[in-house]
Amino acid sequence: MPGVERMMRGIMHLDLSDEQRASIKGIMHGLKAEERPLLKEMKSGHEQLKELIKAESFDEQAVATLAEKEGALAAERLIIASRAMSEVYAQLTDEQRTELETMAAERASRREGKRQKRSAEG
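Because the structure is a prediction, the values reported are computed rather than measured.

Visitor: Can you walk me through helix α3 (residues 60-90) in this structure?
Guide: In an α-helix, one full turn covers 3.6 residues, which means residues spaced three or four apart are oriented alike. Its 31 residues place the ends of α3 45 Å apart at the C-alpha level, agreeing with the 45 Å of an ideal helix rising 1.5 Å per residue. In this structure, the buried residues of α3 make contact with α1 (2-12) and α2 (18-54).

Rendered as structure tokens:
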């Protein structure tokens, strides 16, 4: 998930202790293990959707069923990732949390600047 990846990139820039690194690594391995079956199921749903799109007649009910299932899987994945990120965040000191939040704010500011520049050019 993009939010997880961004947070982990920021965390890797922090001065972590060996204990923090080991703990965070364990949390991330657990996250991947929990996500793996969900991702497999989501991939299967995407393949089913491709087949439904290619079918001679459009089966709206089948697509709706897949969409419902996809939503439930996405929600479950978000819960799992959020729990893992909360566990990672709990491993950080107050100083590290502040530094991480500062990095996130700076990144958001840079993105906004790029967005404004593109708007002015376009």
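Continuing now.
Visitor: Sorry if this is basic, but what is going on with helix α4 (residues 94-121) here?
Guide: Helix length check: α4 (28 residues) gives 41 Å between terminal C-alpha atoms against 40 Å at 1.5 Å per residue, within 8%. Those residues of α4 lying buried are Q96, L100 and M103. Along its buried surface, α4 packs onto α1, α2 and α3.

Visitor: How do you make sense of the pattern of salt bridges when you look at a structure like this?
Guide: Oppositely charged side chains may form a pair once their charged atoms are brought near each other. This model, assessed by the stated rule, comprises 6 salt bridges. The shortest N-O distance in the salt bridge between E34 and R83 comes to 3.4 Å. Highlighted residues: E34 in helix α2 and R83 in helix α3, separated in sequence by 49 residues. Using a relative accessible area of 38% as the deciding quantity, one classes E34 as partly exposed. Between R77 and E35 there is a salt bridge, with the nearest N and O atoms lying 2.9 Å from each other. In this pair, R77 sits in helix α3 while E35 sits in helix α2, placing the two residues 42 residues apart along the sequence. The exposure class assigned to R77 is buried, which follows from its relative accessible area of 17%. Among the residues examined, E35 registers a relative accessible area of 8% and is labelled buried.

Rules behind the numbers
- Residues numbered from 1 in each chain as written.
- Predicted model: local features only at pLDDT ≥ 70, side-chain atom pairs only at ≥ 80, totals over all residues.
- Heavy atoms only, no water.
- Helix = DSSP H or I, 4+ residues; strand = E, 2+ residues; numbered from the N terminus.
- Expected span 1.5 Å × (residues − 1).
- Contact = heavy atoms within 4.5 Å.
- Buried < 20%, exposed > 50% of the residue type's maximum accessible area, 1.4 Å probe, protein only.
- Salt bridge = Lys/Arg side-chain N within 4 Å of Asp/Glu carboxyl O.

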